[in-house]
Amino acid sequence: MGENEASLPNTALQGKKMAYQKVNADQRAPGHSHYLDSDDLQATALDLEWDMEKELEEPGFEQFQLDRAENQNLENSETADLNLDSIQPATSPKGRFQRLQEESDYVTHYTRSAPKSKPCNFCCLLKIFCTAIILFIFGILIGYYAHKKCPSNATSSGKLDLQLYQEILKTIQAEDIKKSFRNLVQLYKSEDDMEISKKIKTQWTSLGLEDVQFVNYSVLLNLPGPSPSSVTLRSSGQCFHPNGQPCSQEARKHSSQDPLYSYAAYSAKGTLEAEVIDVSYGNADDLKRIKEMKNVTNQIALLKLGKLPLLYKLFLLEKAGFGGVLLYIDPCDLPKTANLSFMVSLNPGGDPSTPGYPSVDGNFRQNRSNLTPLLVQPISASLVAKLISLREDRASSGACTPLELPSNEKRIVNMQIQTVTEFKTITNVVGYLKGLTSPDRYIIVGSHHHTAYSFNSQEWASSTAIITAFIRALMLRVKRGWRPDRTIVFCSWGGTAFGNTGSYEWGEDFKKVLQRNLVAYVSLHSPVRGNSSLYSITSPSLQQLVAEKNNFNCSRRGQCPETNISSVQMQDDANYFINHLGVPTVRFAYEDIKALEGPSFLSEALFPKHATKIEEMDPFFNLHETITKLLGEVILQIADGPILPFNALDIALEVQNSLKGDQPDTPQLLAPASRLRESAELFQSDEMRPANDPEERAPVRVRMLNDILQDMEKSFLVQHAPPGFYRNILYHLDGKTSQFSILLEAWEHCKSLASNETLQEAVSEVLNSISAAQLYFKAGLDVFESVLVGKN
């Protein structure tokens, strides 16, 4: 059979003429299987080989001859001119070798001569028969072992990856996380966070992480003054500290964790005596109602934290003319905090002295000791009760009644705020695990550590213990020779309490590199805040992946509560990467159901270390282990998958959902949103779906596709957003509202004004974002189409 086949090009048999066409052969990935995509095509090929064998075995067969002229014409003809009705090619646009049907105008015939009368030699027949048997058996063996060693990539690749990830993650144990957590908490005694930073660096280095380093920045911090702030009632002369204790008590030694030193970082400092006016949560309707009743100029607002970003509410109060703010948390919103002081930061992000650029030597420093003209003082709910003369037996009545200052009573107080501004060094700890095939693509995994001079609960130790546990599990596999495709960057941020200062400065420092190479940000900020509900916050493009991992994890444990996934604003170090780089982000956290049902933005308050008892919420650290493994699966999928697991269509669907409602001027956005969905669907089906087939992955096309996927959210960064609002409009204010936040704010703003100019500006911002995203997907499709045409 082998000798006959070798002589085929030189023979001349008038027989069946078949045409083959090579499609995109130069795009084939190394090691690609040559099997045809269609089972029907494989069967046709086998039938043809069998017919040829029968012809060759017949004595006196005529030589087979290729019609070179017509074959040449077939090779030069366009694919579109071929009739492909009877045999369908691979559905993928990146099919490799596609066998075409017979030419319809060609008449198939065989020309045979009469059988020769000379008898066949028995020995010759025996040799041919034995040779055929040997070749047949040899072919079966080759096929068997080839199939055994090289299983179908389409069915086994995902399973192999999943098995690898599970092997990595199974070494993560709750007891190890607990031990690491306790060791970190013991280091908490020092006011200098450098000791903790050194501990983290030493531990990461010992685990094998590469190039672990300190990245320091000298930043402007606003710290408590030498003595506590105070609030004095003019009617009785009683003086109170922010936590409600009388000023007559001997002041304790200065410590940022002292409950007497509740303060708002970057507030104006000084003294103000004025009437206290209850503004409730301080939204536009509250202020409009109050301004119709009273003159609020230079008065003191009694403001509840929550429902809206604090910076936005302070912006409204400043515009209304208030001079000071007493900020508190209503016990009905957050129980067990009535007697607690807390800290807030009025810094939108980064070092206030270098807005928009990094705090490195040589850069100009602006003199910004305060970021608002308002005097802002956080106070406890117990002090609010004393200001409004609330009776002590109120709590025993049963149902919780929100705190409220009686409208017919007048309270005049004197508030005194003392803070100092100093340049301090904050430290980030950064380590790298270099990728194997795409080392220039980064996935950042971020936690934060204790920051000196500020309130810090135990949540920083919880997040640091989790990231360390994942590094340990990962490096055990790396030592055995495995590496992820993309580089994973592990970061422990400093200065988080003062406005995510460490992450902002690092992001501004490496902005050019990150804009081009950063793929995703995974947040480990406050992973355990409760123990009743797993809550996932993620970009729309990652919601499908997060839901899959969450369902897979709960099915293994036999507990599958309703998936709680949303795209809402986060108060953590992901802020810079979401709002300035447009990077897909994900965060898992355990919360209390009551906290999720309550007002949003209560997490802007930072409580002393004794306020949060991690070990009471998770005594066996099983929740910590679950969070570590869930995030680990997501990190590995993003860092090691050939195709980034980002969903383009989910972004378009999120945009359409955000336009539901009865807001005016939104109908003009429906048509662009529909076009965005069409482009995203086309992109998903034409490029993403075929690329998920391992047999269709050409390295050049995969790289092009991933470059498009990692930049999808950048189109939704608006130039102007209200204070405290995300510039990335794909994120909502909270889980209770699905509309674009900047449109909601503009609509509320317009209700109190005769002009709708603000609303029109917001609509234009959203319209430009949707149109830019639609053109982005269309341009991506055009690039792929032009590459295909060029290759063919």
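Here the residue numbers are simple positions, counted from 1 along each chain's written sequence. Residues qualify for local features only when their pLDDT is at least 70, as the model is predicted, and side-chain atom pairs are given and counted only at 80 or more; totals for whole chains, interfaces and linings, by contrast, use all residues. Hydrogens and waters are ignored; side-chain quantities use all the structure's heavy atoms.

## Here we look at the overall build of the chain
Heads up, the condition is: In this text, helices come from DSSP runs of H or I with a minimum length of four residues, and strands from runs of E with a minimum of two, each type numbered from the N-terminal end. Exposure classes here rest on a 1.4 Å probe applied to the protein chains alone. A residue is buried below 20% of its type maximum, exposed above 50%, and partly exposed in between. Every residue pair with non-hydrogen atoms within 4.5 Å of one another is taken to be in contact.
Assigned secondary structure in the chain consists of 23 helices and 19 strands. Sorting the 792 residues of the chain into buried and exposed places 51% on the buried side. Sequence-distant contacts, at least 24 apart, represent 83% of the contacts inside the chain between residues at least 6 apart.

## Here we look at the sheet that holds strand β4 (residues 230–233)
Applied cut-off: Any two strands are treated as partners once DSSP identifies two or more bridges connecting them. Axis definition: a line fit to C-alpha positions, over the contact stretch in the case of helices; interaxial angles, taken between N-to-C directions, run 0 to 180 degrees.
One open sheet accounts for 7 strands, arranged β5-β4-β12-β7-β8-β9-β11; its pairing is mixed. Two strands lie at the open edges of the sheet, namely β5 (239–240) and β11 (375–378), each paired on one side alone. Sheet analysis places strand β8 (residues 300–304) next to strand β9 (residues 324–328), joined by 5 bridges and oriented parallel. Considered in β9, the bridge of A301 is made with V325. Strand contacts of helix α9 (residues 310–320): β8, β9 and β11, with the helix running at about 155° to β8, the strand carrying the most contacts.

## So, the packing of aromatic side chains
Note the following rule: Centres within 6.5 Å make a pair out of two Phe, Tyr or Trp rings, where for Trp the six-membered ring is used; the pair is then stacked when the planes are under 30 degrees apart, edge-to-face when over 60, and tilted otherwise. Sitting over a ring, as applied to charges here, requires NZ of Lys or CZ of Arg to be within 6 Å of the ring centre and within 35 degrees of the ring normal.
Tallied over the full model, the rule gives 14 aromatic pairs. Ring plane angle 45° and centroid distance 5.6 Å describe the contact between F683 and F777, whose orientation is recorded as tilted. With F683 in helix α20 (residues 667–691) and F777 in helix α23 (residues 757–791), this pair connects stretches of sequence that are 94 residues apart. We classify F683 as buried; its relative accessible area is 0%. Note on F777: relative accessible area 2%, which makes it buried. Members of the aromatic cluster, each reached through a chain of ring pairs, are W493, Y504, W506, F510, Y521, Y576 and F577. When the ring centre of F214 is taken as reference, the NZ or CZ atom of K201 above it lies at 4.7 Å.

## Concerning the nonpolar core
The test is simple: Nonpolar cores were defined as sets of buried Ala, Val, Leu, Ile, Met, Phe, Trp, Tyr and Cys residues, with membership established by side-chain atoms within 4.5 Å.
Within the largest apolar cluster, 164 residues are counted, with the highest numbers of intra-cluster contacts made by L317, I444, F490, F577, I638 and F683. Among the elements that line this core, the one with the most residues is helix α11 (residues 459–478), at 12 residues. With residues up to four places along the chain from it excluded, the contact list for I444 reads V489, C491, W493, W506, L514, L518, A520, Y521, V522 and F577. Among the nonpolar cores identified, the runner-up in size contains 23 residues, and A274, L375, L383 and M415 belong to it.

## Some remarks on the sheet that holds strand β18 (residues 564–566)
The sheet built from 8 strands is open, its strands ordered β3-β13-β15-β14-β16-β19-β17-β18 with mixed pairing. Each of the sheet's edge strands pairs with one partner strand only, and the pair in question is β3 (210–224) and β18. Within this sheet the neighbouring strands show an average axis-to-axis angle of 20°, counted without direction. As paired strands, strand β17 (residues 533–538) and strand β19 (residues 585–591) are joined by 6 bridges and run antiparallel to one another. The residue of β19 that forms the bridge with T538 is V586. Lying over the sheet, helix α18 (residues 622–640) contacts β14 (438–448), β15 (486–493), β16 (518–523), β17 and β19, oriented at roughly 170° with respect to β19.

## Details of the environment of Q684
Tracing the backbone through its elements, the reader meets Q684 in helix α20. On the accessibility criterion, Q684 (11% relative accessible area) is buried. As a C-alpha pair, Q684 and L649 span 35 residues in sequence and 6.7 Å in three-dimensional space.

## Points about helix α6 (residues 174–186)
Spelled out, the test is: Under the convention used throughout, the expected extent of a helix is 1.5 Å for every residue step, that is, one less than its residue count. Of all possible arcs, the one meant is that of the directions from the helix axis to the C-beta atoms.
With 13 residues, α6 should reach 18 Å at 1.5 Å per residue; the first-to-last C-alpha distance of 19 Å fits that figure. Turning to α6, its buried residues number three or more, namely A174, I177, K178, S180, F181 and L184. Looking straight down α6, one finds that the buried residues subtend no more than 165° of arc, so they occupy a single side. Pointing more than 90 degrees away from the buried face of α6 are the exposed residues E175, K179 and Q186. The inward-facing, buried residues of α6 abut α7 (194–206), α11, α17 (614–617) and α18.

## Section: the pattern of salt bridges
Stated formally: Between Lys or Arg on one side and Asp or Glu on the other, a salt bridge is scored when a side-chain nitrogen of the former is within 4 Å of a carboxyl oxygen of the latter.
Under the criterion given, the structure shown has 21 salt bridges. One salt bridge connects R483 with E210, and the closest N-O pair in it is separated by 2.3 Å. Taken together, the residues span a long stretch of sequence, with R483 in the loop between α11 and β15 and E210 in strand β3 at a distance of 273 residues. The salt bridge partner of K714 is D711, with a shortest N-O separation of 2.9 Å. Overall, the relative accessible area of 24% leaves K714 in the partly exposed class.

## Quick notes on the pairing of β4
Neither face of β4 is exposed, since S230 and T232 on one face and V231 and L233 on the opposite face are all buried. Across 4 bridges, the pairing between β4 and strand β12 (residues 412–417) is antiparallel. Residue pairing for β12: T232 is matched across the bridge by N414. Two strands pair when backbone bridges link them, and β4 and β5 are joined in this way by 2 bridges, in the antiparallel orientation. By the bridge assignment, T232 is partnered in β5 with C239.

## Things to note about a nonpolar patch on the surface
For the record, the criterion: The residues that make up patches have over 30% relative accessible area and no salt bridge, and they are joined within 9 Å when like-charged or within 5 Å when they are Val, Leu, Ile, Met, Phe, Trp or Tyr. In these tables, accessible area is a Shrake-Rupley quantity obtained with a 1.4 Å probe, and a residue counts as shielded only by the protein chains included in the view.
A cluster of nonpolar side chains, namely L126, F129, I133, F136, I137 and I140, defines an oily patch on the protein surface of about 600 Å² accessible area. Mapped onto the fold, I133 is located in helix α4 (residues 122–149). Note on I133: relative accessible area 37%, which makes it partly exposed.

## What about α7?
End to end, α7 covers 18 Å across 13 residues, agreeing with the expected 18 Å (1.5 Å per residue, within 8%). Those residues of α7 that fall on the buried side of the exposure criterion are I196, S197, I200, Q203 and W204. Projection of α7 onto a plane perpendicular to its axis shows the buried side chains occupying an angular sector of 135°, all on one side. Those residues of α7 that are exposed and angled more than 90 degrees off the buried face are T202 and S206. Buried residues belonging to α7 abut α6, β3, β13 (419–433), α11 and β15. Within two residues after α7, G208 carries a phi angle of roughly 105°, on the positive side.

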